[in-house]
Amino acid sequence: MDAAEIAARLDAVRKRIEAALRRAGRAEGSVRLVAASKMQSVQMMRAAYAAGVRDFGENYVQEALAKQAQLSDLERIRWHLIGHLQTNKAKVAAGAFHLIQSLDSIRLAGALARVRRDPPAAVLVEVNLGGEGSKTGVAPNQVEDLINAIRNQVEVRGLMAIPPPGPDCEFSRRYFVQLRRMRERLAAACGLALSELSMGMSDDFEVAIEEGATIVRVGRAIFGERPR
Ligand SMILES: *Cc1c(COP(=O)(O)O)cnc(C)c1O
């Protein structure tokens, strides 16, 4: 994949995002595209940056830190942590990300707060919508208690979820609806804005946008299949 191809694929993704926003009657530009760049080279990321991407999502703290060092010349780049964060990595992660999208425990919030208070780390609470399937994220019935327990330690900006795998993008819709309703209920119950809803990946980001996503995390549709 060369720079021109990445630019073309990005252009196609952006058009699909704008079309989904129009279908849903939502404002142009009301979704942030985070390029999920795990396992992708810094050359590919530079190509995406040159084509206008400013938000990159990484899954592993070590990989993110190595890439940050190599891409330190790129101005106004924003790093998101979208993969699971272990408590023993919280100390390094606390200062390294614009937004930690995978907060799923009180322990982790406490570890972040110990190294970063003013301003506190910005986080999304990851919700495990599928139940059994994935091991990360908080069970839906525990999200409110978690938010109330961590709200004075970190800045909770909203919710993130990865629906369980399904046969097609429509399968994800019910989970996106569930996350949107959960956000509405919790914003009222907790008295917080919780303005961010991070949901939707390469195979289902248009459905996610129709259901209210404010952040989509797209990897393969931009960069192609991940190298193994
Ligand atoms: C890899 C990943 C993505 C992007 O997935 P694609 O299918 O490549 O678009 C989004 N979110 C998370 C949490 C991921 O790990």
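Presented here is a report on the structure given in the accompanying data block.

Quick look at the site of the ligand
Okay, so step 1: Taken together, the neighbourhood of the ligand is formed by Ala36, Lys38, Asn59, Ile82, Ile162, Met201, Ser202, Arg217, Val218, Gly219, Arg220 and Arg226.
Okay, so step 2: At a separation of 2.7 Å, an oxygen atom of the ligand approaches a polar side-chain atom of Asn59.
Okay, so step 3: The contact in question runs from a nitrogen atom of the ligand to an N or O atom on the side chain of Arg217, over 2.8 Å.
Okay, so step 4: With respect to the detected pockets, the ligand is housed in the largest pocket.
Okay, so step 5: Residue composition of the shell around the ligand, grouped by class: five nonpolar, three polar and four charged.

Quick look at the environment of Lys67
Okay, so step 1: Structurally, Lys67 is set in helix H3 (residues 61–70).
Okay, so step 2: Classification of Lys67 by relative accessible area gives buried; the value is 6%.
Okay, so step 3: Sequence spacing of Lys67 and Leu179 is 112 residues, and the spatial spacing of their C-alpha atoms is 31 Å.
Okay, so step 4: If we skip the residues at most four places from it in the chain, Lys67 touches Ser37, Lys38, Met39, Gln40, Val42, Met45, Glu58 and Trp79.
Okay, so step 5: A distance of 2.8 Å separates a polar side-chain atom of Lys67 from the backbone oxygen of Ser37.

Examining the pattern of salt bridges
A side chain of one charge can pair with a side chain of the opposite charge when the charged atoms of the two come close.
Okay, so step 1: Under the defined criterion, the tally for this structure stands at 17 salt bridges.
Okay, so step 2: The partner of Asp73 in a salt bridge is Arg46, with the nearest N and O atoms 2.9 Å apart. Placement of Asp73 in the loop between H3 and strand S3 (78–81) and of Arg46 in helix H2 (residues 42–50) is noted, with a sequence separation of 27 residues between them.
Okay, so step 3: Judged by relative accessible area, Asp73 falls into the partly exposed class, the value being 48%.
Okay, so step 4: Exposure remark for Arg46: the relative accessible area of 32% places this residue in the partly exposed category.
Okay, so step 5: A salt bridge links Asp203 to Arg220, with the shortest nitrogen-to-oxygen separation between them at 3.0 Å. Of this pair, Asp203 sits in the loop between strand S7 (196–198) and helix H8 (205–210) while Arg220 sits in helix H9 (residues 220–223), placing them 17 residues apart in sequence.
Okay, so step 6: Taking relative accessible area as the criterion, Asp203 reaches 57% and is therefore assigned exposed.

The rules behind the values
- Residues numbered from 1 in each chain as written.
- Predicted model: local features only at pLDDT ≥ 70, side-chain atom pairs only at ≥ 80, totals over all residues.
- Heavy atoms only, no water.
- Near = heavy atom within 4 Å.
- Polar contact = N/O pair within 3.5 Å; in protein donor to acceptor, adjacent residues only side chain to side chain.
- 1 Å grid on protein atoms, 1.4 Å probe; cavity = no way out; pocket = protein on both sides within 12 Å on 5 of 7 lines; lining within 4 Å.
- Sits in = over half its atoms within 2 Å of the grid points.
- Nonpolar A, V, L, I, M, F, W, Y, C, P; charged D, E, K, R; others polar.
- Helix = DSSP H or I, 4+ residues; strand = E, 2+ residues; numbered from the N terminus.
- Buried < 20%, exposed > 50% of the residue type's maximum accessible area, 1.4 Å probe, protein only.
- Contact = heavy atoms within 4.5 Å.
- Salt bridge = Lys/Arg side-chain N within 4 Å of Asp/Glu carboxyl O.

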